[in-house]
Amino acid sequence: MEEAGGAWTGDDRAGVAPARRHGRGAASNRAGRFEPTTRAPVDDGWHGPDTAEAEPPAPLRTEVLHDHSRSVIARNSSPDLPFDRSINPYRGCEHGCVYCFARPSHAYLGMSPGLDFETKILIKPDAPARLAEELRARGYLCRPIAMGTNTDPYQPLERERRITRELLEVLRAHRHPVSIVTKGAGVTRDVDILGEMGRQGLARVFLSITTLDHRLGRTLEPRAASPQARLRAIAALSRAGCPTGVMVAPVIPALTDHELERILEAASRAGAKSAGYIVLRLPLEVRALFQEWLEEHRPDAAERVMGRVRELHGGKDYDSRFGRRMSGQGVWADLLRRRFHGAARRFGLAGKPEPLRTDLFRCPQRPGDQLSMGF
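On a predicted model such as this, the values are computed, not experimentally measured, just so you know.

Asks: Where do I start with the pattern of salt bridges in this structure?
Replies: Enumeration according to the criterion identifies 29 salt bridges in this entry. One salt bridge connects Arg 30 with Glu 292, and the closest N-O pair in it is separated by 2.7 Å. With a gap of 262 residues between them, Arg 30 in the loop between strand S1 (2-4) and strand S2 (63-66) and Glu 292 in helix H9 (residues 286-297) connect regions that are remote in the sequence. Classification of Arg 30 as partly exposed rests on a relative accessible area of 38%. With a relative accessible area of 16%, Glu 292 lands in the buried category. Here Arg 339 and Glu 261 are joined by a salt bridge, their closest N and O atoms 2.8 Å apart. Taken together, the residues Arg 339 in helix H11 (residues 331-346) and Glu 261 in helix H8 (residues 260-270) connect sequence positions 78 residues apart. Accessibility expressed as a relative area gives 22% for Glu 261, which makes it partly exposed. Within this structure, Arg 165, Glu 169, Asp 190 and Asp 192 form a network of salt bridges that share partners.

Here you go:
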């Protein structure tokens with residue numbers, strides 16, 4: 001792992017050799033939509049298999065960059081989302097899920113939504129301190145904070161950086177509600193905090209599961225926890241008193257949609273009490289990256305999958321309109337909706353989660369604070 005503190009000035013690795021991108025999700029490093037130039041690999045014949053210079057390519061390493069954002073709480077007004085604020089301690093994600101809708105956000109940083117997104121990770125080491133400052137601001141109105149809404153708070157880097165845990169410690173001290181969505185089994189490292197907050201009505205965790213097929217998962221989401229590890233995380237959190245749910249996301253038509261009922265049943269047996277689903281979304285650069293993945297790993301299903309995707313989104317590869325982008329439209333979307341609700345009722349996952357509490361919020365005393373008169 002490499003760490004840098006300055007601006008990124010990397011190369012365009014479009015068409016990266018399989019040996020270099022082993023364990024990564026994207027097949028290329030396509031330039032982002034804001035870049036003025038693009039590059040394409042060309043074999044000039046100088047380093048062919050018979051030349052002395054030919055050497056096995058070194059695998060891509062993860063680079064860590066520092067994000068010095070001035071604020072840590074991001075706010076939104078999307079009618080599709082059940083929250084109006086969120087925290088993302090990391091930008092980019094080592095999990096490498098090829099379908100990740102957050103990939104295009106790396107284009108704003110002058111990086112590729114392809115391999116850069118999963119190998120160049122920006123971290124926010126001062127996020128816990130900034131969060132404490134924002135929660136203490138005069139006039140702050142307490143509402144649940146969501147984590148895992150863009151990139152995963154429990155991606156592999158969290159094991160050593162512990163930024164998510166430190167954020168949870170701040171939220172616990174302030175008795176502030178939080179909801180988490182993750183594909184990382186590392187969430188169980190924080191079961192002590194999440195269990196305590198969950199029993200107080202201050203925390204809820206959803207494990208996102210795309211497929212129960214290990215081999216398919218290794219190529220779709222190469223560095224995320226295995227499906228069984230995620231189910232074990234649901235069980236561990238549930239035993240500790242933290243309400244848990246399962247998010248079947250994304251549902252990939254003609255590839256993983258047949259697993260919907262099996263995933264809900266397995267999550268229910270593990271202890272989940274609620275469920276949701278989101279259909280595959282292919283915004284901006286994600287479309288080409290996903291099609292590359294299909295051509296490499298599932299060429300037999302590529303035409304059928306993309307045909308069904310277009311059926312879901314009104315004849316387009318993606319429809320970004322509110323109310324449709326996450327659930328789709330048309331006959332297939334209606335059938336999926338009926339299947340989901342029927343299975344959720346059958347496996348005891350149809351109930352809405354209890355609202356997280358906001359009435360317990362407080363700002364803990366710090367040295368130098370004026371004490372209350374006690375009246």
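Asks: What's the story with the nonpolar core in this structure? I'm lost.
Replies: One recurring pattern in soluble globular proteins: nonpolar side chains tend to sit buried together. Membership of the largest hydrophobic core comes to 59 residues, with the highest contact counts inside it found for Leu 131, Leu 168, Leu 194 and Leu 264. Ignoring any residue separated from it by four or fewer positions in sequence, one finds Leu 264 in contact with Val 246, Val 248, Ala 275, Phe 340, Ala 343, Ala 344, Phe 347 and Leu 349. Counting 23 residues, the second-largest nonpolar core is a separate cluster that includes Val 98, Leu 216, Ala 254 and Ala 301.

Asks: What exactly am I supposed to notice about the sheet that holds strand S11 (residues 274-279) here?
Replies: Consider a sheet: its strands pair through backbone hydrogen bonds, and that pairing is either parallel or antiparallel. A sheet is described by the order of its strands in space; here seven strands give the open sequence S3-S4-S7-S8-S9-S10-S11, paired in mixed fashion. Since the sheet does not close on itself, it has two edges, and those belong to strand S3 (74-75) and S11, each with one partner. Both strand S10 (residues 244-251) and S11 contribute to a ladder of five bridges, which runs parallel. By the bridge assignment for S11, Met 247 is matched with Gly 276. Sheet contacts for helix H5 (residues 191-199): strand S8 (178-182) and strand S9 (203-209); angle to S9, the most-contacted strand, approximately 120 degrees.

Asks: Looking at this structure, how should I read empty space enclosed by the protein?
Replies: The method is simple in principle: a probe with the dimensions of a water molecule rolls over the atoms, and the space it marks as empty is what remains. By the definition in use, this model includes one cavity of 30 Å³ or more. Approximately 40 Å³ is the volume attributed to the largest cavity. Lining the largest cavity we find Asp 67, Ser 69, Ser 71, Val 72, Lys 124, Asp 126, Ala 127 and Arg 130.

Asks: Help me understand unusual backbone geometry, please; the structure alone is not making it clear to me.
Replies: With the exception of glycine, the majority of residues adopt a negative phi angle, and the majority of peptide bonds are in the trans configuration. Cis geometry is adopted by the peptide bond preceding Pro 250, which originates at Ala 249 and carries an omega value of -10 degrees. Secondary-structure assignment places Pro 250 in strand S10. Look at Arg 175: it is not a glycine, yet its phi comes out positive at around 55 degrees. Counting through the fold element by element, Arg 175 comes out in the loop between helix H4 (163-174) and S8. Looking at Arg 175, the relative accessible area reads 33%, which means it is partly exposed. Located in the positive-phi region is Ala 254, a residue other than glycine, with phi close to 65 degrees. The residue Ala 254 is located in the loop between S10 and H8 in this model. Using a relative accessible area of 18% as the deciding quantity, one classes Ala 254 as buried.

Asks: Before we go on, may I ask you to explain the pairing of S9 in this structure?
Replies: Look at any regular strand and the pattern is simple: side chains alternate between the two faces of the sheet. Across the seven residues that make up S9, a large majority, seven, are buried. A two-sided burial pattern is seen for S9, the buried positions comprising Ala 203, Val 205, Leu 207 and Ile 209 on one face and Arg 204, Phe 206 and Ser 208 on the other. Of the strand pairs in this sheet, S8 and S9 are connected by five bridges, and their pairing is parallel. Bridging across to S9, Thr 182 finds its partner in Leu 207. Note on the crossover from S8 through H5 to S9: the handedness is right-handed.

Asks: Looking at this structure, I do not really get the side chain of Thr 182. What am I missing?
Replies: Here Thr 182 lies in strand S8. When its relative accessible area of 1% is taken as the criterion, Thr 182 is described as buried. A polar contact of 2.7 Å, which involves the side chain of Thr 182, links it to the side chain of Asp 152. At a separation of 2.8 Å, a polar atom in the side chain of Thr 182 contacts the main-chain amide nitrogen of Gly 184. In this view, Thr 182 contacts Asp 152, Tyr 154, Val 187, Val 205, Phe 206, Leu 207 and Ser 208; residues no more than four positions away in its chain are not counted.

Definitions and cut-offs
Residues numbered from 1 in each chain as written. Predicted model: local features only at pLDDT ≥ 70, side-chain atom pairs only at ≥ 80, totals over all residues. Heavy atoms only, no water. Salt bridge = Lys/Arg side-chain N within 4 Å of Asp/Glu carboxyl O. Helix = DSSP H or I, 4+ residues; strand = E, 2+ residues; numbered from the N terminus. Buried < 20%, exposed > 50% of the residue type's maximum accessible area, 1.4 Å probe, protein only. Core = buried A, V, L, I, M, F, W, Y, C linked by side-chain atoms within 4.5 Å. Contact = heavy atoms within 4.5 Å. Pairing = 2+ DSSP bridges. Axes fitted to C-alpha atoms, helices over the stretch in contact; angles between N-to-C directions. 1 Å grid on protein atoms, 1.4 Å probe; cavity = no way out; pocket = protein on both sides within 12 Å on 5 of 7 lines; lining within 4 Å. Points joined across faces, edges and corners; volume = space filled by probe spheres on them. Right-handed = clockwise from strand over helix to strand, strands pointing away. Polar contact = N/O pair within 3.5 Å; in protein donor to acceptor, adjacent residues only side chain to side chain.

From the geometry alone we can't say anything about function, so treat these as descriptive.
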